[in-house]
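Structural description and commentary
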Amino acid sequence: MRLRPGAKLKYMALGQGMGPKAQELIETGATRGLWIMLQNCHLLPTWLKTLEKILEKITKPHPDFRLWLTTEPTDRFPLGVLQRSLKVGKGASLGTAFEIGT
């Protein structure tokens, strides 16, 4: 992967057959201190166990390395990944909740 100067954020939307490319991106990011975003992780539920193994192998990442994972709610996300993660959720705003009567 060739990087432009100053290009710290790399992202990709996951889908069928994208697991190997995502792994390469994570490993490169961990070595070079990149910020990696994998979008739509719910679309590769069988690959999520592989993701967990990839992350377990990264013992000394570059201090600047960051990994963001986006997903729709799924019960197929490995517990090991969730336990090591900071989770951020997006829900209905308070105004929306009042408008629908909850």
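Residues numbered from 1 in each chain as written. Predicted model: local features only at pLDDT ≥ 70, side-chain atom pairs only at ≥ 80, totals over all residues. Heavy atoms only, no water.

Secondary structure assignment for the protein yields four helices and three strands. Helices and strands in the protein line up, N terminus first, as β-α-β-α-β-α-α. Expressed as a percentage of its 102 residues, the buried residues of the protein come to 28%. Within the protein, contacts between residues separated by at least 24 positions form 79% of all contacts whose residues are at least 6 apart in sequence. Carbon together with sulfur atoms contributes 55% to the accessible area of the protein, which is approximately 7,400 Å² in total. (Helix = DSSP H or I, 4+ residues; strand = E, 2+ residues; numbered from the N terminus. Buried < 20%, exposed > 50% of the residue type's maximum accessible area, 1.4 Å probe, protein only. Contact = heavy atoms within 4.5 Å. Areas by Shrake-Rupley, 256 points an atom, 1.4 Å probe, with all protein chains shown as cover.)

The subject of this paragraph is a nonpolar patch on the surface. Together, Leu9, Tyr11, Trp35 and Trp68 make up a nonpolar patch on the protein surface, roughly 450 Å² of accessible area in all. Relative to the elements of secondary structure, tyrosine 11 occurs in strand 1 (residues 9-13). (Patch = residues over 30% accessible without salt bridge, like charges linked within 9 Å, V, L, I, M, F, W, Y side chains within 5 Å. Salt bridge = Lys/Arg side-chain N within 4 Å of Asp/Glu carboxyl O.)

Close approach of charged atoms lets side chains of opposite charge pair. The full count for this structure, using the stated rule, is two salt bridges. Note that aspartate 64 and lysine 8 form a salt bridge whose closest N and O atoms lie 3.7 Å from each other. Here aspartate 64 is found in the loop between helix 2 (48-57) and strand 3 (66-69), whereas its partner lysine 8 is found in the segment before strand 1, with 56 residues between them in sequence. What makes aspartate 64 partly exposed here is its relative accessible area of 38%.

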